[in-house]
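Now for the letters of each chain:
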Amino acid sequence: SRGPHPGRCTQLQINWSDNRFRAEIACHPNTEHPQPLDTQKLIGTGDPEFDRRLVVQGTNEAEIRQFLSDGVRWQMIRLLEILNDEHLYISIGRGHLCVQKPGHIRSFASLKLFVERSLELYDQAMITQAVGIEFVESGEATTLEHVICKICGEEIAGHEMVYCQRCKTPHHGDCWQYVGSCSVYGCLETNYRRPQSVSATNPPHTGTVTNVTRTDRAPGRSS
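Residues numbered from 1 in each chain as written. Predicted model: local features only at pLDDT ≥ 70, side-chain atom pairs only at ≥ 80, totals over all residues. Heavy atoms only, no water.

A.B. asks: Quick question: what am I supposed to make of the nonpolar core here?
C.D. replies: Inside soluble globular proteins, nonpolar side chains tend to come together where they are buried. Formed by 29 residues in total, the largest nonpolar core has its most connected members in Trp16, Ile25, Leu54, Phe67, Met76 and Val99. Counting residues per element, this core draws most heavily on helix α3 (residues 70–80), which supplies five residues. Each residue touching Val99, except ones within four places of it in the same chain, is listed here: Thr10, Gln11, Leu12, Leu79, Leu88, Tyr89, Ile90, Phe114, Ser118 and Leu121. Listed in part, the nine residues of the second largest apolar core include Ile151, Cys152, Ile156 and Val179. (Core = buried A, V, L, I, M, F, W, Y, C linked by side-chain atoms within 4.5 Å. Buried < 20%, exposed > 50% of the residue type's maximum accessible area, 1.4 Å probe, protein only. Helix = DSSP H or I, 4+ residues; strand = E, 2+ residues; numbered from the N terminus. Contact = heavy atoms within 4.5 Å.)

A.B. asks: Please explain the environment of Gln75 as it appears in this structure.
C.D. replies: On the secondary structure map, Gln75 appears in helix α3. For the pair Gln75 and Gln124, spaced 49 residues apart in sequence, the C-alpha separation works out to 8.1 Å. With sequence-adjacent residues up to four places away left out, Gln75 is seen in contact with Arg117, Glu120, Leu121, Gln124, Ile151 and Cys152.

A.B. asks: Where do I start with the pairing of strand β6 (residues 96–102) in this structure?
C.D. replies: Walk down a regular strand and you will see the side chains alternate between the two sheet faces. Across the seven residues of β6, five count as buried, placing the element largely inside the fold. Where strand β1 (residues 9–15) meets β6, seven bridges bridge the pair, whose relative direction is antiparallel. Directly across from Thr10, in β6, lies its bridge partner Lys101. Here strand β5 (residues 89–93) pairs with β6 via five bridges, running antiparallel. (Pairing = 2+ DSSP bridges.)

Written out as structure tokens, the structure is:
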């Protein structure tokens, strides 16, 4: 297979809309100074922990820095840590995003986790490709059920939820604290709010109504 892992590997491949975009991300090779995997430029992210564990290469530094959002980097680290083997290779090019781990993942639980986290990475990557975002205020109340956090990809329980003050995107409170701002590309809001709970109303009475008395506020009038 293409990439640094010789022999067989487990790979997820999904279509990528921008055929011009080129990037490769891999764990550090066993050398003091990593060399580009595909004659591309080495690009530092400015995140010391991420740069210590993964090498980023590509042809357009500005586009790749935009792509490597906090959410994207976090999902890559989560993929790196599957199976505790510290091996990962991600390539974007020729209209595809490919995520590889070396060897065959034979455990169903581990394979399921690999697929889920790869798709969560894809979702985060798609956010970075959005342009021309306009946030429209709405005064309408919204029922929040089965809401998915855009950072970790997990469902948000009501008591765990916060939402962006600007674009109203829901997040886990812990995930917001981890990233430090809204995960939606172009928003960059650092303040959040907590949703208000609405108490359930009593159902209407369906039995026979008797002995109804109405008293008007005006003195001397009653019925």
